[in-house]
Amino acid sequence: MQYNTLFYAMQPIKAHQHHYLPDESATDALGGALARALAPGLIIYLQGDLGAGKTALTRALLRALGHTGTVKSPTYTLSEPYNVMLDDNPLSVIHYDLYRMSSPEEFLDAGFREDFDGHNVCIVEWPEKGEPVLPPPDIRLLLSVSGNGRAVELQALSELGLLCLDRLAFLPPHQ
């Protein structure tokens, strides 16, 4: 997919966003908005403590893309692929949970680097466990428990990430 760089350079870009997700329905809404803004090849890092909502957000994104089966954290398998449709085109979304990895070499030994091919959307929980061999993200999503809900910070770190966040149509519910 080719984007008009000059056009996007002239537009107000939303490179950094903060939102508050007061409940599960707000997390589902953000997942749905992210699903509509995805582009093939996107790499998303999900960072936050245990229980911060990383898997819940991924589940909401996959459901919005039409996946009807189970979506669980791939803590033991390390990765879980999902075949979905995006804009009437097939897309592979691969969800990684690197929490149990003891070294970045495990990432390479498992052959995961080949999945980051510019076509798949790769969502990575606990990316710090794969550094420095893990490809850099287009978007970093930082989740944290805040009161009864979750605070989320989205950072675009590439042109593709900027495009995605610029297309993100998410209006969080009023607190």
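That block above? That's the structure.
The rules we used
- Residues numbered from 1 in each chain as written.
- Predicted model: local features only at pLDDT ≥ 70, side-chain atom pairs only at ≥ 80, totals over all residues.
- Heavy atoms only, no water.
- Helix = DSSP H or I, 4+ residues; strand = E, 2+ residues; numbered from the N terminus.
- Buried < 20%, exposed > 50% of the residue type's maximum accessible area, 1.4 Å probe, protein only.
- Contact = heavy atoms within 4.5 Å.
- Polar contact = N/O pair within 3.5 Å; in protein donor to acceptor, adjacent residues only side chain to side chain.
- Phe/Tyr/Trp six-rings, centres within 6.5 Å; stacked < 30°, edge-to-face > 60°.
- Lys NZ or Arg CZ within 6 Å of the ring centre and 35° of its normal.
- Axes fitted to C-alpha atoms, helices over the stretch in contact; angles between N-to-C directions.
- Parallel < 35°, antiparallel > 145°, perpendicular 65-115°, else oblique.
- Left-handed = near helix turned anticlockwise from the far one by under 90°.
- Expected span 1.5 Å × (residues − 1).

Draft legend 1. The arrangement of the environment of Gln47 in detail. On the secondary structure map, Gln47 appears in strand 2 (residues 43-47). The exposure class of Gln47 is buried, given its relative accessible area of 19%. In sequence terms Gln47 and Leu142 are 95 residues apart; their C-alpha atoms lie 4.8 Å from each other. Those residues in contact with Gln47, other than ones at most four positions away along the chain, are Lys54, Pro127, Glu128, Arg140, Leu141, Leu142 and Leu143. Side chain to side chain, Gln47 and Glu128 meet in a polar contact 3.4 Å long. Within polar-contact distance, the side chain of Gln47 engages the side chain of Arg140 at 2.8 Å.

Draft legend 2. Spotlight on the packing of aromatic side chains. This model, assessed by the stated rule, comprises six aromatic pairs. With centroids separated by 6.4 Å and ring planes inclined at 55°, the aromatic side chains of Tyr96 and Phe107 adopt a geometry described as tilted. Highlighted residues: Tyr96 in strand 4 (residues 89-97) and Phe107 in helix 4 (residues 104-109), separated in sequence by 11 residues. Three or more aromatic residues joined by ring pairs make a cluster, and in this case those are Tyr96, Phe107, Phe112 and Phe116. When the ring centre of Tyr99 is taken as origin, the NZ or CZ atom of Lys129, which lies over that ring, is 5.6 Å away.

Draft legend 3. The side chain of Ser79, seen in detail. Position of Ser79 relative to the elements: it lies in strand 3 (residues 79-86). With relative accessibility at 16%, the residue Ser79 sits in the buried group. Not counting residues up to four positions away in its chain, the partners in contact with Ser79 are Pro74, Ile94, His95, Tyr96 and Phe112.

Draft legend 4. Molecular detail of helix 3 (residues 54-64). All of the buried residues along helix 3 are Lys54, Thr55, Leu57, Thr58, Ala60, Leu61 and Leu62. Considering only its buried residues, helix 3 is in contact with helix 2 (24-37), strand 2, strand 3, strand 4, strand 5 (121-125) and strand 6 (139-146). Once helix 3 finishes, Gly66 follows within two positions and takes phi at roughly 100°, a positive value.

Draft legend 5. Examining the packing of helix 2 against helix 3 more closely. Remark: helix 2 packs on helix 3, axes separated minimally by 7 Å, with the N-to-C direction vectors making an angle of 55°. Between helix 2 and helix 3, the crossing angle belongs to the class labelled oblique. As helix 2 runs across helix 3, the sense of the crossing is right-handed. Residues Thr27, Asp28, Leu30, Gly31, Gly32, Leu34 and Ala35 of helix 2 form the contact with helix 3, whose participating residues are Ala56, Leu57, Ala60, Leu61 and Ala64.

Draft legend 6. Main features of the environment of Arg100. In this structure, Arg100 sits in the loop between strand 4 and helix 4. With 29 residues separating them along the chain, Arg100 and Lys129 place their C-alpha atoms 8.3 Å apart. When near neighbours in sequence (up to four residues on either side) are disregarded, Arg100 contacts Thr75 and Tyr76.

Draft legend 7. Structural view of the environment of Glu80. Tracing the chain through its elements places Glu80 in strand 3. Classification of Glu80 as partly exposed rests on a relative accessible area of 24%. For Glu80, the contacting residues outside a window of four places in its chain are Lys72, Pro74, Val93, Ile94 and His95.

Draft legend 8. Quick look at helix 2. Helix length check: helix 2 (14 residues) gives 20 Å between terminal C-alpha atoms against 20 Å at 1.5 Å per residue, within 8%. Taken together, the buried positions of helix 2 are occupied by Ala26, Thr27, Leu30, Gly31, Gly32, Ala33, Leu34, Ala35 and Ala37. Taken together, the buried residues of helix 2 touch strand 1 (16-21), helix 3, strand 3, strand 6, strand 7 (149-156) and helix 5 (159-167).

Interpretation in functional terms is not warranted from these geometric data alone.
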